[in-house]
Amino acid sequence: MQLQKYHALGNDYLVLDPGGSEVTLSGAQIQRVCDRHYGVGSDGLLVGPMPVAGCDFGVKLYNPDGAEFEKSGNGLRIFARYLWDTGRVGTAPFSICTLGGSVTARVHDDGRRVTLEMGQVSFDSQKIPVAGRPREVLDESLTLGGWSLRVSCAT
């Protein structure tokens, strides 16, 4: 297994390019490779590019616990830069499909900057969902295990 490690704005992700083959990793394998003491260490694993109908590229995003997740701005910037580095994209916008939908990416300034259109964020309690009356969940108080926290919830 050959991995590439990238950093973006405080996050580091590993990129595993399946090279046209199907790659199946267990949650335990992903945990092991992302472990900072026993593996390479990272905030997650990106598996792609892979073909996806309706998008230029597909990618699967995994948390270090092995669970697939929908979107990550830093993870997708890293993936876009990986596509640039491997000569798959140029300066024109391109689409990336994730579990959370399609994102439009563009690489600028000879690879030094990547922009993404990820869609509109929502704080609507009925879309997240959270309990209680319908509202925007912004800077609310939450007591959990004796801790008083301030939280905002988004989707």
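Let me begin by describing the structure that accompanies this report.

Parameters and conventions
Residues numbered from 1 in each chain as written. Predicted model: local features only at pLDDT ≥ 70, side-chain atom pairs only at ≥ 80, totals over all residues. Heavy atoms only, no water. Phe/Tyr/Trp six-rings, centres within 6.5 Å; stacked < 30°, edge-to-face > 60°. Helix = DSSP H or I, 4+ residues; strand = E, 2+ residues; numbered from the N terminus. Buried < 20%, exposed > 50% of the residue type's maximum accessible area, 1.4 Å probe, protein only. Pairing = 2+ DSSP bridges. Disulfide = S-S within 2.5 Å.

**Overview of the packing of aromatic side chains**
1) Next: Tallied over the full model, the rule gives two aromatic pairs.
2) Next: Seen in terms of ring centroids, Y6 and Y82 are 6.2 Å apart; in terms of plane orientation they differ by 85°. Their pairing is edge-to-face. Of this pair, Y6 sits in strand β1 (residues 3-8) while Y82 is found in helix α2 (residues 73-85), placing the two residues 76 residues apart along the sequence. Residue Y6 shares its accessibility class with Y82, and that shared class is buried.
3) Next: Ring plane angle 90° and centroid distance 5.9 Å describe the contact between F57 and F94, whose orientation is recorded as edge-to-face. In this pair, F57 is assigned in strand β4 (residues 57-62) and F94 in strand β6 (residues 94-98), connecting sequence segments 37 residues apart.

**Digging into the pairing of strand β2 (residues 11-16)**
1) Next: Across the six residues of β2, five count as buried, placing the element largely inside the fold.
2) Next: Direction of pairing for β1 relative to β2: antiparallel, over a ladder of six bridges. Note on β2: the bridge partner recorded for H7 is D12.
3) Next: The antiparallel hairpin formed by β1 and β2 contains two residues in its connecting segment, where L9 sits at a positive phi of about 50°.
4) Next: As defined by bridge partners, β2 adjoins strand β3 (residues 45-50) across three bridges and the pair is classed as parallel. The partner of L14 across the bridge, within β3, is L45.

**Quick word on the state of the cysteines**
1) Next: Under the counting rule described, the total for this entry stands at one disulfide.
2) Next: Each sulfur of the disulfide joining C55 and C97 lies 2.0 Å from the other. The S-S bond linking C55 to C97 shows a torsion near 70°; that makes this disulfide right-handed. Placement of C55 in the loop between β3 and β4 and of C97 in strand β6 is noted, with a sequence separation of 42 residues between them.
3) Next: For C97, a relative accessible area of 15% puts it in the buried group.

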